[in-house]
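# Structural description and commentary
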Amino acid sequence: MKTTEIIKAITQIVGQENILTSDDDCTAYATDWTRFPGKAMAVALPKTTEEVSKILKACEALKTSVVPSGGRTGLSGGATVQANQIALSLKRMNQFGEVDVGGRSIRVQAGVVTQQVHEVCEPHGLTWPIDLAAKGSSTIGGNLSTNAGGVRVVRYGMARKWVSGLQAVMMNGQILELNHNLEKNNTGYDLMQLLVGSEGTLAVVTEATLKLAKLPERVSVCFFAFSNLKSAFSVFESARKEPFEILACEFFSDKCHEAVEAKLKRKHRLNTSGAYYLLMEVSCGADRLGVWLNQVMQEGSVLDGTIAESSTERRDLWALREGITESIALTGPVMKYDVAVPVSHIVNFLEDAKTLFVKMNLPMELYLFGHLGDGSPHLNLVKQSEATKESFQAAVASFEKEIFPLVKSYSGSVSAEHGVGILRKSWVLFSRTPAELELYKAIK
């Protein structure tokens, strides 16, 4: 009876064509990239903030839980919906405002795709500098709700730095308009920043005013092969001392490259392969970059390297890094960890993690890649072909008992970018104190 009642109430708000109840739709909108199983009671597709407000108010009255749904590209199960819950998809809320060139901002609805913001702003010489491998699918509402990071955190920081106004709806239907695109506003608690990163647990983001940055000029991509991670990090440290901007600094292991080559037919063009690769995007004149490149090549820690300046060459190199997640998924069942440690400790942490993995002798393979420049490596465990599903799950559980205390020993985070969701709830104690968690509960 409750299901019928809530579906009827939502139908009256959005219309029959904008509430989905088929098994296929209720399953598709109930899962994210983790593929953690879910199935919604129904999927609501509002068009306006006012419709979101009415839906939430109706759901609260009928004691029905709501899970906001964006591009569903997260890796923590945050968009997973259960049978007694409503999936609230904001994909129809995809309208743009005008680019404010002088104020360097743009107002968008939550369902706008990240890459579309880049495309709209580019003709004005501006960009929203949050750049993700999933930018073609992820949405602004999800980016802000999870405080997205991506490949340019080393230069621009996380998503929360690039929002100056937020519209959101609380579960009781109350609409909040926060900060009004102000650069300065010291009048009490910053509720806008409280909502950014809250994963939809406090309110549903429906619109945002995004801060824009000037498009970087003279972008080049350097690509290096190394025999070890310490050498790769030393090149990054060297680049940080130079008078040019590092926009991104990514690393991946040779095992990751092998997967990309095998599954996606992409291969680097270096003459010498390495155990690890470093991809660094910089904004710099060719002369200065060439001098630095010659220096690092002569120092002996680089096995081989190249520089790409044309858009095609840059795209080809980035395709190696951006194809890793897809190629690993095609290799076998995978468990992913996006952790963070202080930047200066990333090499030691990864060496300890590898040593731990080898010592445990588990029926799975370890694939390492991620954001060297901001201390956020991705650890991927892939099931060996001969292992059973049950033995893989048991191996994952064993590894987690060891890797999370290791992360904690480095004062790290068990979730650098993708939030807590439902998959990482039991991990939070390794990153947050009991006092912090009590405060979270009080705020909620």
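Everything discussed here concerns the structure shown above.
Reference entry: report on the structure contained in this document. None of these values were measured; they are calculated from a predicted model.

## Section: helix α10 (residues 286–299)
In a regular helix each residue adds 1.5 Å, so 14 residues correspond to 20 Å; α10 covers 20 Å between its end C-alpha atoms and thus fits that length. Contacts made by the buried residues of α10 are with β11 (219–226), α8 (229–240), β13 (276–283) and β14 (304–308). Positive backbone phi, approximately 100 degrees, marks G300, located one or two places after α10.

## Considerations on the pairing of strand β12 (residues 245–253)
In summary, the side chains of a regular strand alternate between the two faces of the sheet. By the criterion of burial, β12 is predominantly enclosed, with eight of the nine residues buried. Sheet topology note: the β12/strand β16 (residues 364–371) ladder contains three bridges and is antiparallel. By the bridge assignment, F252 is partnered in β16 with F369.

## A few points about the pairing of strand β17 (residues 376–383)
Burial runs high along β17: eight of the eight residues are buried. Taking every second residue as pointing to the same face, both faces of β17 are buried, with S376, H378, N380 and V382 on one and P377, L379, L381 and K383 on the other. Inspection of the sheet shows strand β15 (residues 334–338) paired to β17 by five bridges, in the antiparallel sense. When the sheet's bridge partners are listed, M335 is paired in β17 with L381. Hairpin connection from β16 to β17: four residues lie between these consecutive antiparallel strands, with G375 at a positive phi of about 75 degrees.

## Things to note about a nonpolar patch on the surface
On the surface, a nonpolar cluster with roughly 660 Å² of combined accessible area is contributed by Y189, L191, L194, L439, Y440 and I443. Elements supplying a minimum of two residues to the nonpolar patch: α7 (191–195) and α15 (434–443). Looking at the nonpolar patch element by element, the count peaks at three residues for α15. Tracing the backbone through its elements, the reader meets L194 in helix α7. Overall, L194 belongs to the partly exposed group, its relative accessible area being 36%.

## Observations regarding the environment of E400
Structurally, the position occupied by E400 is in helix α14 (residues 389–409). Look at E400 and you get buried, because its relative accessible area is 16%. The spatial distance from the C-alpha of E400 to the C-alpha of E60 is 37 Å, given a sequence separation of 340 residues. For E400, the residues in contact, after removing those within four places along its chain, are M335, Y337, P405 and W427.

## Some words on helix α3 (residues 49–61)
Counted at 1.5 Å a residue, the expected span for α3 with its 13 residues is 18 Å, and the 18 Å between its end C-alpha atoms agrees. Among the residues of α3, T49, E51, V52, S53, I55, L56, A58 and C59 are the ones counted as buried. K63 sits one or two positions beyond α3 and adopts a positive phi of about 55 degrees.

## Brief notes about the side chain of S138
When you line up the elements, S138 lands in the loop between β6 (126–127) and α5 (140–145). Since its relative accessible area comes to 4%, S138 is described here as buried. With residues up to four places along the chain from it excluded, the contact list for S138 reads G71, T73, V112, V113, T114, L132 and N143.

## Comments concerning the environment of S253
Within the secondary structure layout, S253 lies in strand β12. For the pair S253 and A148, spaced 105 residues apart in sequence, the C-alpha separation works out to 24 Å. Those residues in contact with S253, other than ones at most four positions away along the chain, are A275, Y276, Y277 and L368.

## Observations concerning the pattern of salt bridges
Enumeration over the complete set of coordinates arrives at 17 salt bridges. A salt bridge links K39 to D23, with the nearest nitrogen and oxygen atoms 3.1 Å apart. Separated by 16 residues along the polypeptide, K39 in the loop between α2 (23–28) and β2 (42–44) and D23 in helix α2 bring together distant segments of the chain. When its relative accessible area of 36% is taken as the criterion, K39 is described as partly exposed. Linking K211 and E183 is a salt bridge whose minimum nitrogen-to-oxygen distance equals 3.5 Å.

## Some words on the sheet that holds β12
Across a sheet, strands are paired by hydrogen bonds formed along the backbone, either parallel or antiparallel in direction. The seven strands lie next to each other as β14-β11-β13-β12-β16-β17-β15, forming an open sheet whose pairing is antiparallel. What marks the edges here is a single partner per strand, and that holds for β14 and β15. Between one strand axis and the next, the sheet turns through 15 degrees on average, direction left out of account. Docked against the sheet, helix α12 (residues 324–331) engages β12, β15, β16 and β17, running at close to 170 degrees with respect to β16.

## What to know about the nonpolar core
Ranked by size, the top nonpolar core spans 52 residues in total, and within it F224, W292, F349, L379 and F399 carry the most contacts. When residues in this core are grouped by element, the largest group, eight residues, is from α14. The residues contacting F349, other than those within four sequence positions of it, are V339, V341, P377, L379, I403, L406, V407 and Y410. Counting residues in hydrophobic clusters, the runner-up holds 32 residues, among them V117, L132, V163 and V196.

Cut-offs and rules
Residues numbered from 1 in each chain as written. Predicted model: local features only at pLDDT ≥ 70, side-chain atom pairs only at ≥ 80, totals over all residues. Heavy atoms only, no water. Helix = DSSP H or I, 4+ residues; strand = E, 2+ residues; numbered from the N terminus. Expected span 1.5 Å × (residues − 1). Contact = heavy atoms within 4.5 Å. Buried < 20%, exposed > 50% of the residue type's maximum accessible area, 1.4 Å probe, protein only. Pairing = 2+ DSSP bridges. Patch = residues over 30% accessible without salt bridge, like charges linked within 9 Å, V, L, I, M, F, W, Y side chains within 5 Å. Areas by Shrake-Rupley, 256 points an atom, 1.4 Å probe, with all protein chains shown as cover. Salt bridge = Lys/Arg side-chain N within 4 Å of Asp/Glu carboxyl O. Axes fitted to C-alpha atoms, helices over the stretch in contact; angles between N-to-C directions. Core = buried A, V, L, I, M, F, W, Y, C linked by side-chain atoms within 4.5 Å.

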